[in-house]
Amino acid sequence: MKHASQLFPIALQELLEIGEKARKQREQRERAKHVARPRETRACKHGARGQSFTEKEKIQLTFNLK
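Residues numbered from 1 in each chain as written. Predicted model: local features only at pLDDT ≥ 70, side-chain atom pairs only at ≥ 80, totals over all residues. Heavy atoms only, no water.

Visitor: Sorry if this is basic, but what is going on with the overall build of the protein chain here?
Guide: Each helix and strand in the protein chain was counted, giving three helices and zero strands. Listed N to C, the secondary structure of the protein chain is α-α-α in terms of helices and strands. Expressed as a percentage of its 66 residues, the buried residues of the protein chain come to 0%. When the accessible area of the protein chain is evaluated, it comes to approximately 6,700 Å², of which 59% is carbon and sulfur surface. (Helix = DSSP H or I, 4+ residues; strand = E, 2+ residues; numbered from the N terminus. Buried < 20%, exposed > 50% of the residue type's maximum accessible area, 1.4 Å probe, protein only. Areas by Shrake-Rupley, 256 points an atom, 1.4 Å probe, with all protein chains shown as cover.)

Visitor: When you look at a nonpolar patch on the surface in this model, what are you seeing that I'm missing?
Guide: Together, Phe 8, Leu 12 and Leu 16 line one region of the surface with nonpolar side chains, adding up to about 320 Å² of accessible area. By the secondary structure assignment, Phe 8 is in helix H1 (residues 4-35). (Patch = residues over 30% accessible without salt bridge, like charges linked within 9 Å, V, L, I, M, F, W, Y side chains within 5 Å. Salt bridge = Lys/Arg side-chain N within 4 Å of Asp/Glu carboxyl O.)

Visitor: Where do I start with the pattern of salt bridges in this structure?
Guide: In total, this model carries three salt bridges according to the counting rule given. The partner of Glu 20 in a salt bridge is Arg 23, with the nearest N and O atoms 2.3 Å apart. A residue pair is termed a helical-turn pair when its members lie 3 or 4 positions apart in one helix, as Glu 20 and Arg 23 do in helix H1 at three residues. On the basis of relative accessible area, Glu 20 is assigned to the partly exposed category, the value being 35%. According to the relative accessible area criterion, Arg 23 is partly exposed, its value standing at 31%. One connected set of salt bridges, linked through shared partners, spans Glu 20, Arg 23 and Glu 27.

Have a look at this one:
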């Protein structure tokens, strides 16, 4: 049976690999969220880019979205 000092580096390496794999999966999910956006949303944001709203209009728009 191996001594604990020999097992520790092996266990550490395996944990690092698991963590790296989980990080990559998380990043892929995040990227997928950003890509999968309906056309209407993009069109609205593009059309509204040059407009500015008063505070009252911003509040009204916020409530309309909920």
